[in-house]
Amino acid sequence: MKIIPFYKNEKQLIKKAINGNGDAQHRLYAKHAPKMLSVCRQYIKDIHFAEDVMVQGFVKMFHHLHTFKFQGSFEGWVRRIMVRECISYLRKKQFVVYDDEVFENNQSNGFEITTDVDTEHIQQLIDALPQGYKMVFVLYAVEGYKHNEIAEMLGISESTSKSQLFKARKMLQENLKKQNIIGYGTR
């Protein structure tokens, strides 16, 4: 028996979803939900709240699906919606506090990982960061946003973004060093 795909490509699936086809919407959700939950989990410690935010993000995504212009990655477009939904959730819950100290232009020593560290352990270390540090760290180091973009998204100055990243990295390095996971070396 030969299996014939329902839709040949994602573009066709998106067009059907825009027209209200429930099966196409379900397929888009099923395809992207695991990655998007992972994105939300990077910002929100509790998996249940992260899942709620992801669902809200998909509601917004389907509501605004007609605005997708088929330029660039659809997954990247959905990911940006999820990131903004996480930021909105954290702002509403008032979990984010930014430290406005002036960025110190110290260059920290390079470091290298000296033992195997699993992803869940790293996520726990990131979760232990103060929420302001964590949000800037994830936006910069994981999502790849630049400081000016982070500043605009979070309503902070560019120097505050740089300061938060510097402090997050320093705190992560200290925690990794305490656990004998990194050794200082040259880069």
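Everything here concerns the structure above.
Residue numbering note: each chain is counted from 1, following its sequence as written. Only residues with pLDDT of at least 70 get local features here, since the model is predicted, and only at 80 or more are side-chain atom pairs given and counted; chain-wide, interface and lining totals rely on the full set of residues. Remark: hydrogens and water are excluded; side-chain values derive from all non-hydrogen atoms of the structure.

Peer 1: Explain the overall build of the protein chain to me, please; I cannot follow it from the model alone.
Peer 2: Per the convention used, a helix needs a DSSP run of H or I reaching at least four residues, while a strand needs a run of E reaching at least two, with both numbered from the N terminus. Each helix and strand counted, the protein chain has eight helices and two strands in total. Traced from its N-terminal end to its C-terminal end, the protein chain shows the element sequence α-α-α-α-β-α-α-α-α-β. Here a residue-residue contact requires only that any non-hydrogen atoms of the pair lie within 4.5 Å. Considering only contacts in the protein chain between residues 6 or more positions apart, those separated by 24 or more positions represent 69%. Entry remark: accessible area of the protein chain is about 11,600 Å², with carbon and sulfur atoms responsible for 50%. In this description, accessible areas are obtained by the Shrake-Rupley approach with a 1.4 Å probe, and a residue is regarded as covered only by the protein chains that are shown.

Peer 1: Any chance you could explain the state of the cysteines here in plain terms?
Peer 2: By definition, a disulfide links the sulfur atoms of two cysteine residues through a covalent bond. In plain terms, two cysteine sulfur atoms within 2.5 Å form what is called a disulfide here. Tallied over the entire structure, the rule returns zero disulfides. For the unlinked cysteine C40, the closest cysteine sulfur is that of C86, found at 3.7 Å. On the accessibility criterion, C40 (0% relative accessible area) is buried. Summary of the burial criterion: residues with accessible area below 20% of their type's maximum are buried, those above 50% are exposed, and those between are partly exposed, where the area comes from a 1.4 Å probe applied to protein chains only. What makes C86 buried here is its relative accessible area of 0%.

Peer 1: Whenever I open this one, the packing of helix α6 (residues 131–142) against helix α7 (residues 147–154) confuses me. Can you help?
Peer 2: Any two packed helices are characterised by how steeply their axes cross, that is the angle between the axes, and by the distance between the axes. Axis separation between α6 and α7 bottoms out at 10 Å; the angle between their running directions is 135°. The angle between the axes of α6 and α7 places the two elements in the oblique class. Helix-helix and strand crossings are classified by hand; for α6 and α7 the assignment is right-handed. Along its contact with α6, which presents M135, V136, L139 and Y140, the element α7 presents H147, I150, M153 and L154. Convention adopted: a line fitted to C-alpha atoms gives each axis, helices being fitted over their contacting stretch, and angles between N-to-C directions are expressed from 0 to 180 degrees. Roughly parallel covers angles under 35 degrees, roughly antiparallel covers those over 145, roughly perpendicular covers 65 to 115, and oblique covers all other angles. Whether a crossing is left-handed or right-handed is set by the direction in which the near helix is turned from the far one by less than a right angle, anticlockwise for left-handed and clockwise for right-handed.

Peer 1: Please explain the nonpolar core as it appears in this structure.
Peer 2: Buried residues of nine kinds, namely Ala, Val, Leu, Ile, Met, Phe, Trp, Tyr and Cys, make up a nonpolar core once their side-chain atoms join them within 4.5 Å. Residues Y43, F74 and L139 are the most contacted members of the largest nonpolar core, which totals 47 residues. Taken together, the elements giving at least two residues each to this core come down to α1 (10–18), α2 (22–43), α3 (47–63), α4 (74–92), α5 (119–127), α6, α7 and α8 (158–178). The element that contributes the greatest number of residues to this core is α4, accounting for ten residues. F74 has contacts with E10, I14, L28, H32, M61, L65 and F68, leaving out every residue within four places of it along the chain.

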